[in-house]
Amino acid sequence: MNVNEIVKSLNLEVIVGENLESKSVKGVYICDLLSNVMAHGQQDDLWITIQTHQNILAVASLLNFSAILLPENLLPDATTIEKAKAQGIIILKSPEGAFNLAGKLYEMGLRGS
Amino acid sequence: MNNFHDSQSKLIIEDMMSTCVITVSPEMTMREAKEIMRLKNISGMPVIDDKKKLIGIVTIADVIQALDDQKLDEKVKDRMTLNVCTVKPYDSINLALSLFRRYQYSRLPVVNDTNLVVGIITPNDIVKRLANFLKLDEINEAHISNMVIDETHTLEFEIKGGDFEKAGLAASSLKKKLLDLGINAQIVRRAAIAAYEAEMNVVIHAVEGILKAQISPEKLLLFITDQGPGIEDIEKAMQIGYSTAPDQIREMGFGAGMGLPNIKKSSDIFKINSTLGKGTELHIEIFF
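Below is a summary of the structure that appears in this document. These numbers were taken from a predicted model, which means no experiment stands behind them.

Of regular secondary structure, chain A possesses five helices and five strands. If you list the helices and strands of chain A from N to C, you get α-β-β-α-β-α-β-α-β-α. Long-range contacts, defined as pairs at least 24 residues apart, comprise 49% of the intrachain contacts of chain A with a sequence gap of at least 6.

Residue and element names in this part refer to chain A. Spatially, β1-β5-β4-β3-β2 is the arrangement adopted by the five strands of the open sheet, whose pairing is mixed. The open sheet has two edge strands, β1 (13-16) and β2 (27-30), and neither has a second partner. Averaged over all pairs of adjacent strands, the angle between their axes in this sheet comes to 30 degrees, without regard to strand direction. One ladder, built from three bridges, connects strand β4 (residues 67-70) with strand β5 (residues 91-93); its direction is parallel. Residue pairing for β5: L69 is matched across the bridge by L92.

Here we come to the packing of helix α8 (residues 169-180) of chain B against helix α9 (residues 185-205) of chain B. Residues and elements named next belong to chain B. The geometry of α8 relative to α9 is characterised by a closest axis approach of 8 Å and an angle of 160 degrees between their N-to-C directions. Classified by the angle between their axes, α8 and α9 sit roughly antiparallel to one another. For α8 against α9, the interelement crossing comes out right-handed. In this structure, α8 uses A170, A171, L174, K175, L178 and L179 to contact α9, whose residues at the interface are V188, A191, A192, A195, Y196 and E199. Among the residues making up the contact of α8 with α9, the classes are represented as 10 nonpolar, no polar and two charged.

Residue and element names in this part refer to chain B. At their nearest, the axes of α9 and helix α12 (residues 259-266) sit 8 Å apart, and the two run at 150 degrees to each other. When the axis of α9 is compared with that of α12, the two are roughly antiparallel. At the point where α9 passes α12, the crossing takes the left-handed sense. Counted together, R190, I193, A194, E197, A198, M200 and N201 of α9 and G259, N262, I263 and S266 of α12 form the full contact between these two elements.

Cut-offs and rules
Residues numbered from 1 in each chain as written. Chains lettered and ligands numbered in written order. Predicted model: local features only at pLDDT ≥ 70, side-chain atom pairs only at ≥ 80, totals over all residues. Helix = DSSP H or I, 4+ residues; strand = E, 2+ residues; numbered from the N terminus. Contact = placed C-beta atoms within 7 Å. Pairing = 2+ DSSP bridges. Axes fitted to C-alpha atoms, helices over the stretch in contact; angles between N-to-C directions. Parallel < 35°, antiparallel > 145°, perpendicular 65-115°, else oblique. Left-handed = near helix turned anticlockwise from the far one by under 90°. Nonpolar A, V, L, I, M, F, W, Y, C, P; charged D, E, K, R; others polar.

In structure tokens form, the structure reads like this:
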């Protein structure tokens, strides 16, 4: 599965990101404690978090996440958007909450580790 | 680089020579001299008399000649090279460089005004010192810089407390370097986690710190030292969930009390030292 397929079927808004088809998604991880994410997130995970400051980019990039998904219409800080562009990190958003998003992703066949 | 050019003319042999000189006595046999060179992995040794004055030099070439003549049991004094080209400790490095270039010498004994051997200088000594000079320049110039020195790759990063904008840069650069070197992805992941958490600890708690990474063929060594408040109770700090981070840091998703436990879990060797009111030192090793 790739990021573009998820964007289409969950009707997500792409805040930053290009070539969404080329980014594969193998699992989902949901957490807002960055150390916990560092410890348990896996490569090619789609990461759902309510954190919007620029340090989410370092975490996503260090762990090779496929994309960051912000629930509840949260918007990243301006510097986060700018830096995500420069680093080629995909940020998506949705009006729905993390629970609903997780349910839909689960139905699509994605699992956590 | 300017610094280096300015100082080049002032550099003297004494600044770069090695003072640990392996010498031989003229009464030794060529066979014994050959054995010392083999064991010490060197290609030549000054020959000194009992007053430590230089009287000659014996090199691999002399050993080969003795071997060819079947005279390995002859004494060094009968087979050594006389008329040794030497330099003085106060001579300029330029003189040594031009002698190396002109005569293709592998080493030059350094003698004082009374002909006592006080050191030895090789082209390699000069290269090593120059590498040091260049490294120091880069640290002064760049806020955050990474550089390759010799066979072991060394990266060094300055980390500023409270600078969330640059936080994660050291870990990211280290990760990239390890991947470039072809290190296994799972090991790179552990290194990235350890470096990130250590870096974040400095950003969150300390005034400033340095993260130094040494990558050798066998392992990654990480040293993180900071000037900061130190840790009152290391045992508590190592427990998952224990944190002294302020509320605004917690709101950012840090300060969950997982940093040090995460580092320990990612490391093969983990040591921590902390002095209250001074700072904290981490020593991390991850084997390849």
